[in-house]
Protein chains: 2
Amino acid sequence: MTDFFDFINEQDMSLVTDFYELTMCASYLDNEKLELATFDLLIRNMPNNRSYFLFAGLEQVLLFLKNIRFTDKNIRYLRKQGFSTNFLGYLQNFKFTGDVWALPEGSIAFQNEPLIRITAPIIEAQIVETFLLNTVNLQTMIATKASRIVEAAKGKPVIEFGLRREHGLDAGMKVARCSFIAGCEGTSNVLAGKQYGIPLFGTMAHSFIMSYEKEIDAFRAFTKTFPNKTSLLIDTYDEIGGINNAILIAKELEKLGHKLGGVRLDSGNLAKTSKKIRKLLDNTDLAYVKIFASGDLDEFKITKLNEERAEIDFFGVGTKLGTSADRPYLDVIYKLCEIMHNKGIFSPIMKLSEAKTTFPGRKQVYRFKDGSGNFAYDMIGLDEESLTGESLLIKVMERGELIYNLPSITRIRNYAKASLQKLPAKYKQINTPQKYPVKLSQNLETLTRKLLIKLGKKG
Amino acid sequence: MTDFFDFINEQDMSLVTDFYELTMCASYLDNEKLELATFDLLIRNMPNNRSYFLFAGLEQVLLFLKNIRFTDKNIRYLRKQGFSTNFLGYLQNFKFTGDVWALPEGSIAFQNEPLIRITAPIIEAQIVETFLLNTVNLQTMIATKASRIVEAAKGKPVIEFGLRREHGLDAGMKVARCSFIAGCEGTSNVLAGKQYGIPLFGTMAHSFIMSYEKEIDAFRAFTKTFPNKTSLLIDTYDEIGGINNAILIAKELEKLGHKLGGVRLDSGNLAKTSKKIRKLLDNTDLAYVKIFASGDLDEFKITKLNEERAEIDFFGVGTKLGTSADRPYLDVIYKLCEIMHNKGIFSPIMKLSEAKTTFPGRKQVYRFKDGSGNFAYDMIGLDEESLTGESLLIKVMERGELIYNLPSITRIRNYAKASLQKLPAKYKQINTPQKYPVKLSQNLETLTRKLLIKLGKKG
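Think of each chain on its own: its residues are numbered from 1, step by step along the sequence as written. Working convention: letters from A go to chains and numbers from 1 go to ligands, in the order in which they are written. With pLDDT at 70 or above as the cut-off, local features in this predicted model cover only qualifying residues; side-chain atom pairs require 80 or more to be listed or tallied, and sums for whole chains, interfaces and linings still use all residues.

(A) Molecular detail of the interface of chain B and chain A. For the purpose of contact definition, each residue receives a C-beta atom placed from its backbone, and two residues are in contact when these atoms lie within 7 Å. In this assembly, 95 residues from chain B lie in contact with 95 residues from chain A. Runs of H or I in DSSP of at least four residues are treated as helices and runs of E of at least two as strands, each being numbered from the N terminus. Residue contributions to the side of chain B that touches chain A peak at eight residues, all from helix H1 (residues 19-30) of chain B.

(B) Looking closely at the pairing of strand E5 (residues 116-121) of chain B. All names here are of chain B. The buried fraction of E5 is high, at five of six residues. Two strands qualify as a pair provided DSSP detects at least 2 bridges between them. By the bridge criterion, six bridges tie strand E1 (residues 36-43) to E5 in an arrangement that is antiparallel. Across the sheet, the residue bridging to Asp40 is Arg117, located in E5. Of the strand pairs in this sheet, strand E3 (residues 99-102) and E5 are connected by four bridges, and their pairing is antiparallel. By the bridge assignment for E5, Ala102 is matched with Ile116. Here a residue counts as buried when 20 or more other C-beta atoms fall within 10 Å of its C-beta, as exposed when 12 or fewer do, and as partly exposed in between; the C-beta atoms come from the backbone.

(C) Broad picture of the relation of the copies chain B and chain A. Least-squares fitting of one copy onto the other uses the C-alpha atoms of those residues that reach a pLDDT of at least 70 in both copies. The transformation that overlays chain B on chain A combines an axial shift of 0.0 Å with a rotation of 180 degrees, and the residual RMSD is 0.0 Å. Such a turn and shift between the copies fits a two-fold axis. With an isologous cut-off of 70% or more, the 100% of interface residues of chain B that recur at the interface of chain A puts this contact in the isologous class.

(D) Representation of the sheet that holds strand E19 (residues 438-440) of chain A in the model. Residue and element names in this part refer to chain A. The four strands lie next to each other as E16-E14-E15-E19, forming an open sheet whose pairing is mixed. The open sheet is flanked by strand E16 (390-391) and E19, the only strands paired with a single partner. Where strand E14 (residues 363-369) meets E16, two bridges bridge the pair, whose relative direction is antiparallel. When the bridges of E16 are listed, Arg367 appears paired with Glu390. For helices, the fitted line uses only the C-alpha atoms of the stretch in contact; every axis is such a line through C-alpha atoms, and the angle between N-to-C directions lies from 0 to 180 degrees. Packed onto the sheet, helix H16 (residues 442-456) meets E14, strand E15 (375-382) and E19 and runs at close to 45 degrees relative to E15.

(E) Main features of helix H7 (residues 168-181) of chain A. Residue and element names in this part refer to chain A. For H7, built from 14 residues, the straight-helix expectation of 20 Å at 1.5 Å per residue is met to within 8% by its first-to-last C-alpha distance of 20 Å. When you tally the buried positions in H7, you get 14 out of 14 residues, the bulk of the element. Downstream of H7 by one or two residues, Gly183 has phi in the positive range, about 115 degrees. Multiplying 1.5 Å by the residue count of a helix minus one yields the expected span of that helix.

(F) Representation of the environment of B:Ile394. All names here are of chain B. Take Ile394: it is sitting in strand E17 (residues 394-398). Judged by the 13 C-beta atoms lying within 10 Å of it, Ile394 is partly exposed. Not counting the four nearest positions on each side in its chain, Ile394 is found in contact with Trp101, Ala102 and Pro104.

(G) Layout of the domain arrangement of chain A. All names here are of chain A. The source of the domain bounds is an automatic or database domain assignment. Per the domain assignment, the segments making up chain A are domain 1 (10-142 + 327-456) and domain 2 (145-322). Taken over C-alpha atoms, the centre of domain 1 sits 39 Å from the centre of domain 2. Across the contact, 16 residues belong to domain 1 and 21 residues belong to domain 2. Secondary-structure elements contributing two or more residues to the side of domain 1 that touches domain 2 are helix H6 (129-153) and helix H15 (409-422). Residue contributions to the side of domain 1 that touches domain 2 peak at six residues, all from H15. Gly is put with the polar residues, along with every residue not named as nonpolar or charged; the nonpolar set is Ala, Val, Leu, Ile, Met, Phe, Trp, Tyr, Cys and Pro, and the charged set is Asp, Glu, Lys and Arg. Partitioning the side of domain 1 that touches domain 2 into residue classes produces 10 nonpolar, two polar and four charged.

(H) Quick look at the sheet that holds strand E7 (residues 186-187) of chain A. Taken in spatial order, the six strands line up as E7-E6-E11-E10-E9-E8 (chain A) in an open sheet, and their pairing is parallel. Across the chains shown, the open sheet's two edge strands, defined by having one partner strand only, are E7 and strand E8 (231-233) of chain A.

(I) Quick peek at helix H13 (residues 299-307) of chain B. All names here are of chain B. Here H13 has its buried residues at Glu299, Ile302 and Leu305. The buried residues of H13 occupy an angular sector of 125 degrees when the element is viewed end-on, so they sit on one face. For H13, the secondary structure elements touched by its buried residues are helix H6 (129-153), helix H12 (270-283) and strand E11 (314-317). Two residues or fewer after H13 comes Arg309, characterised by a positive phi angle close to 55 degrees. The arc in question is formed by the directions pointing from the helix axis toward the C-beta atoms.

(J) Structural context of the environment of A:Leu423. Residue and element names in this part refer to chain A. Along the polypeptide, Leu423 turns up in the loop between H15 and E19. Leu423 sits in the partly exposed class, given 18 other C-beta atoms within 10 Å. Leu423 sits 168 residues away from Lys255 along the chain, and the two C-alpha atoms are 49 Å apart.

(K) Structural detail: the nonpolar core. Counting residues in each nonpolar core, the largest one holds 293 residues, and the members touching the most others are A:Ala246 and B:Ala246. For A:Ala246, the residues in contact, after removing those within four places along its chain, are A:Phe219, A:Leu232, A:Ile234, A:Leu260 and A:Val263. To form a nonpolar core, buried Ala, Val, Leu, Ile, Met, Phe, Trp, Tyr and Cys residues must be joined through C-beta atoms within 7 Å.

Written as structure tokens, this is what we have:
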């Protein structure tokens, strides 16, 4: 905690958790339940309007697992919550010592596939649950949404600028990160630009125009400061007046050896207006001036604009991207799938509740490809069976040590691009995409059936 | 920035901004445009399924305004982005020196009403825009959603536990804060408990049950550690088996002088199952054992459960609350409404774009009450006219100094409760509430009409 305001210190990350993780862990310890267990982090359902997930957030997960500690201050607070001295002593020496398998960031994944698999003493695996879910939910949700928007834009650059409507400051940072991973060309978020090396975009808001008596005075003032590659916002009063002023400015800039970068539309009928504006620009030898459009855009509206042959060169996408507005959460879950009950033997475990059944055992995701190397189908199987498909989960942490070189954001972005290219187009359509096949291996099916029968008798 | 991972230092808060705020400010400075301006922060539309806003986030806004500085590191990064030495020098000495008027947190507000009004040199007022919008959007959105959920619960306690699906860590903290302000009784978020003094709730997840061979062994182990007031999760395998095991445990606890707190249902038909369970508990003299329900709840489902006379004592609400899932953003905007053009005279300003027109001039919100002191209607008027209604905006900052005692979270919560009580029931219905009347004063209407005519001629 800080005096500045209630932001989160890195040392307090261990308390970014649901209270029940701590009560469960206190009881595990009290009952001397220290055996190894395996948990899967996965997304239960494929939401409407989605046909794949673009996995993101692993870097923050691994840095958390590597660094999680409980400070004396944290312990003092937990003491007041009534935890035993024994448990508080355990927390004081806490360090995550488990093995972690995961998909690389930028991987394509589907419902029910383990994205992260943790094997650790059950207390350690349990206590990290909430942080992991929070991190993967946000980042995978946004990367997925952003990749759909980039796909809809069909090669035209997309800029993320939803910071003002994103859910707090951490979301602002992570949305910029994941949107860039998913193929956006840049962000408006200055701190994300600094932190992640993402290109920054942005010129002016309506307030700048309105602060001058006349629109053209505002344009002139702005291009005086930024004479090169500036975009002028032309819809404060009316777009046609705005574009005529922008053309005047472009001509003034040409005389000074500069070029206007573009004009921006932020309201109205974007398809119709952009065509009018393109014609006016072309007719005045300003074919080089780009048209930037924004205003409540998402993958559906961009698809429609492209169908209407809107003359738009850049898309700025804010709220709908930054909040994943049509589906602002994923069904991320973290499920116990095996526990070492006796003498080093792991017992597979599953949950039976109505519509919430999970798959037992230590699992691997196998991906099968067609003749051209494109993704054909996935199979969720047991880790011990070695199926011929590519094994997607790789070992990233061993006994609490990071054994994986965290890739740069650019490498993750390239990997995401390559992965998306291998996903056939029919699975990437914006409207009514086909469902990608995710099968269960014979062995996993058999194990699941066996356990269902056994659980039927449980009491 | 930290080595731990890319969390945000308080010193970097100034960079949590859209890039265009900085380019605009650079141009204001370059053009020696240093005059005072007034900006309104408001919510343009009342979204579907909402009939009022519960305003929250002012504390974080004011601490930001009080503390915003640009560090040398920040300046170095901005230099690489091409800003002039003159502007960087300005930022190096930056301090917010404006006046701020705002509603107290916990106030009820409506569309188009200024929630925060800032008068400052235009650069200062502009540069803080993004942070203010981000903060008010998240907190007011969540406080509003949470207050609807609390309203739907009709006096039964609601606990917020959406951390795992909230959008990052800052959202996790702010959701807990605003839910508590809006009337929730507690949170699962341990760090929010520590930071804000919010009561913590939580016992066990399905994984705890599944880690034991038999459900009853898990119950016994947990109540060994926490013999008093524990809630047992009874739906891991099937609820009737679960409740029977819970009854056995309750009886064992009674013999030891303890009492079981409750049982929790997290899936299935909550109305039907809760009634069965209540009967079984009552028939075994366990009327004191409470029933806690969770699982995809929101104000609509809770209303339905109450209509079905579900026997539920506590509601746990996660994802739908923590992401405001049916409307994960508000139309928060920050609009220039006047600028000092000549010799200390402010000129009112408005924007004309289609469907995005704003109201000009320095405004105040006046609330009119009925004979019993309940809210009857609001009127947005000019600050200079003194209408008879209560003036809602109060001065909280003068020349950059905080002149307002930040109330404790408990005081804000009490104020929210009192405010909600004064809002007649017809405006608080969960389904199809009536629209609260928000009028414009005669003077504001006249000014708006005048400017519309003038803007029609602008070029």
